[in-house]
Amino acid sequence: MENVLRLLIVLGGTLAVTIAIGWAIDRGLRYWSARHPKTPIPGLLRRVQLPLQLFLGFAALRMTYPLADLNLRQDTVILSVLATMVTMSAVWLVVRIADAIADGLLNTYSRRARDPRRVRQLNTQFTLIRRIASTVLAIATAAIAMLVLFPGLRVLGTSLLASAGIIGIIAGVAAQSTLSNLMAGLQIAFGDSVKIGDTVVVEGEMGTVEEITLSFLTVRIWDDRRLTMPVSYFNSKPYENWSKGGNEMTGTVYLHLDHSTPVAELRAHLYEYLSDHPDWDGRSWNLLVTDSTPTGIEVRASMTARDPDAVWSLRCAVREKLIGWLNENYPGALPRLGALDGLDAPAR
């Protein structure tokens, strides 16, 4: 009974102290965030509350467990497990702190920077660097737990190291695709080909790069579907990046009209419509006859906008407006398929 009571006192006291310390740290971060609302780091650091509680709890249990004086045969195993949990929670805590600091710095820089391309590039680099660091820390933690905290696994670790050359060759042959994606992910992270937030056209689908990992890249298509592709695709095949070199774009609208179309009036109406449209940035516009066939003409209207989303909306609006204006004022300028078919039909 005395051993059980001592164990409850040690465990209960340890948990109470760690919970109190975690609560005090969280209150301090809340106070810091309230006093400095423009600084995002205190609020971001509150994400570390769970790993911090686990780290403090396991560390305190590791130190206070001998005070329970249980004298069990499994004491060595229990201490090794507690040490492993301390190490794992410490790694988790470090990763969460690094994530919070990186997000805070990125948010601060994004508010001050005038170049959105640089912000997207830093966001991509931070994301992939954090994933690489998390993977390396996880592998290192597992290795420490196996080779240091559990002496019985040292023979296994030595055997694995002795056969590392053969395993490396086999793994390299079997994981060529994975390794190529890994290298492609590193090239994307430190290159300038594609970044998180870029508007791209891949496999005939237009969307925004939503996530980049070491293996896959996710594109959010305009209708909210997600297109997931291996990152090696972006180093081996051509694709369109509408955000590279600046966000400004030129949109085009093609219309197939009759020869009687009043092109000059249509051009004047286009300029009048663009002048009042919020998506037109005012840089340039034009309306030209780009082709002529025996059955009609091809008219191309071009206009500029501040970003890919605006140019898409502007193209749709201009196409609808020009067709509506012609249908209302010059209906004969619009082609009639029935009339064309009648011209091609043989006379009876």
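The text that follows walks through the structure, step by step, so that each part is easy to find. (Residues numbered from 1 in each chain as written. Predicted model: local features only at pLDDT ≥ 70, side-chain atom pairs only at ≥ 80, totals over all residues. Heavy atoms only, no water.)

### A word on the sheet that holds strand β8 (residues 296–305)
Phase 1 of the analysis: Spatially, β6-β8-β7 is the arrangement adopted by the 3 strands of the open sheet, whose pairing is antiparallel. If you trace the sheet from one side to the other, it starts and ends with β6 (249–257) and β7 (280–293), each paired once. The average angle at which neighbouring strand axes cross in this sheet is 15 degrees, direction not considered.
Phase 2 of the analysis: Of the pairings in the sheet, the one linking β7 to β8 comprises 9 bridges and is antiparallel in character. Its bridge partner lying in β8, aspartate 291 is registered against glutamate 298.
Phase 3 of the analysis: Across the sheet, helix α11 (residues 308–329) lies against β6, β7 and β8, angled at about 25 degrees from β6, the strand it touches most. (Pairing = 2+ DSSP bridges. Helix = DSSP H or I, 4+ residues; strand = E, 2+ residues; numbered from the N terminus. Axes fitted to C-alpha atoms, helices over the stretch in contact; angles between N-to-C directions. Contact = heavy atoms within 4.5 Å.)

### Notes on the sheet that holds strand β4 (residues 226–230)
Phase 1 of the analysis: The antiparallel open sheet is built from 5 strands, whose spatial order is β4-β3-β2-β1-β5. Either end of the sheet is taken by a strand with one partner, and the two such strands are β4 and β5 (240–241).
Phase 2 of the analysis: Of the strand pairs in this sheet, strand β1 (residues 199–202) and β5 are connected by 2 bridges, and their pairing is antiparallel. The residue bridging valine 200 from the neighbouring strand is asparagine 241, located in β5.

### Digging into the pattern of salt bridges
Phase 1 of the analysis: The final tally for this structure, using the stated rule, is 9 salt bridges.
Phase 2 of the analysis: Aspartate 198 serves as the salt-bridge partner of lysine 195, at 3.5 Å between the closest nitrogen and oxygen.
Phase 3 of the analysis: Looking at lysine 195, the relative accessible area reads 1%, which means it is buried.
Phase 4 of the analysis: Residue aspartate 198 is classed as buried on the basis of its relative accessible area, which comes to 0%.
Phase 5 of the analysis: The salt bridge partner of arginine 225 is aspartate 223, with a shortest N-O separation of 2.8 Å.
Phase 6 of the analysis: By relative accessible area, aspartate 223 is classed as partly exposed at 31%.
Phase 7 of the analysis: The structure contains a network of salt bridges with shared partners spanning Glu210, Arg220, Asp224 and Arg226. (Salt bridge = Lys/Arg side-chain N within 4 Å of Asp/Glu carboxyl O. Buried < 20%, exposed > 50% of the residue type's maximum accessible area, 1.4 Å probe, protein only.)

### Here we look at the pairing of β1
Phase 1 of the analysis: The alternating pattern of β1 places Thr199 and Val201 and Val200 and Val202 on opposite faces, both of which are buried.
Phase 2 of the analysis: Judged from the 4 bridges that link them, β1 and strand β2 (residues 205–212) form a sheet pairing that is antiparallel. Paired with valine 202 across the two strands is glutamate 205, which belongs to β2.

### Observations concerning the packing of aromatic side chains
Phase 1 of the analysis: Tallied over the entire structure, the rule returns 3 aromatic pairs.
Phase 2 of the analysis: Taken together, Tyr271, Trp280 and Trp285 form an aromatic cluster joined through their ring pairs. (Phe/Tyr/Trp six-rings, centres within 6.5 Å; stacked < 30°, edge-to-face > 60°.)

### A few points about a nonpolar patch on the surface
Phase 1 of the analysis: Together, Val17, Ile21 and Ile25 make up an exposed nonpolar region whose accessible area comes to about 230 Å².
Phase 2 of the analysis: Inspection of the secondary structure assignment puts valine 17 in helix α1 (residues 2–35). (Patch = residues over 30% accessible without salt bridge, like charges linked within 9 Å, V, L, I, M, F, W, Y side chains within 5 Å. Areas by Shrake-Rupley, 256 points an atom, 1.4 Å probe, with all protein chains shown as cover.)

### Section: α11
Phase 1 of the analysis: Its 22 residues give α11 an end-to-end C-alpha distance of 31 Å, which sits within 8% of 32 Å, the value for a rise of 1.5 Å per residue.
Phase 2 of the analysis: Buried within α11 are the following residues: Pro308, Ala310, Val311, Leu314, Ala317, Val318, Leu322, Trp325 and Leu326.
Phase 3 of the analysis: Elements in contact with the buried residues of α11: β1, β6, α10 (263–275), β7 and β8.
Phase 4 of the analysis: Two to three positions downstream of the cap, the backbone nitrogen of aspartate 309 sits 3.2 Å from a side-chain oxygen, assigning the N-cap of α11 to aspartate 307. (Expected span 1.5 Å × (residues − 1). Polar contact = N/O pair within 3.5 Å; in protein donor to acceptor, adjacent residues only side chain to side chain.)

### Description of the nonpolar core
Phase 1 of the analysis: Leu257, Leu266, Leu287, Met303, Val318 and Leu322 are the most contacted members of the largest nonpolar core, which has 27 residues in total.
Phase 2 of the analysis: Elements supplying a minimum of two residues to this core: β6, α10, β7, β8 and α11.
Phase 3 of the analysis: Of all the elements, α11 adds the most residues to this core, at 7 residues. (Core = buried A, V, L, I, M, F, W, Y, C linked by side-chain atoms within 4.5 Å.)

### A closer look at the packing of α10 against α11
Phase 1 of the analysis: Contact pair α10 / α11: the axes reach a minimum separation of 11 Å and the direction vectors enclose 135 degrees. Judged by the angle between their axes, α10 and α11 are oblique. For the pair α10 and α11, the sense of crossing is right-handed. Counting all contacts with α10, which are made through Glu265, Leu266, His269, Leu270, Tyr273 and Leu274, the residues of α11 involved are Leu314, Ala317, Val318, Lys321, Leu322, Trp325 and Leu326.
Phase 2 of the analysis: Across the contact of α10 with α11, the residue classes tally to 10 nonpolar, 1 polar and 2 charged. (Parallel < 35°, antiparallel > 145°, perpendicular 65-115°, else oblique. Left-handed = near helix turned anticlockwise from the far one by under 90°. Nonpolar A, V, L, I, M, F, W, Y, C, P; charged D, E, K, R; others polar.)

### Quick word on the pairing of β6
Phase 1 of the analysis: Side chains Met249, Gly251, Val253, Leu255 and Leu257 of β6 all project onto a buried face; the interleaved residues Thr250, Thr252, Tyr254 and His256 project onto a face where none is buried.
Phase 2 of the analysis: Strand direction decides the pairing type here: β6 and β8, joined by 9 bridges, are antiparallel. The residue bridging leucine 255 from the neighbouring strand is valine 299, located in β8.

### Quick word on α10
Phase 1 of the analysis: A rise of 1.5 Å per residue sets the reference length of α10, with its 13 residues, at 18 Å; its end C-alpha atoms lie 18 Å apart and thus fit the reference within 8%.
Phase 2 of the analysis: Among the residues of α10, Val263, Leu266, His269, Leu270 and Leu274 are the ones counted as buried. Seen from one end, α10 has its buried residues packed into an arc of 135 degrees, which puts them on one side. Away from its buried face by more than 90 degrees, α10 exposes Ala264 and Glu272.
Phase 3 of the analysis: Those residues of α10 that are buried lie in contact with β6, β7, β8 and α11. (Arc of directions from axis to C-beta.)

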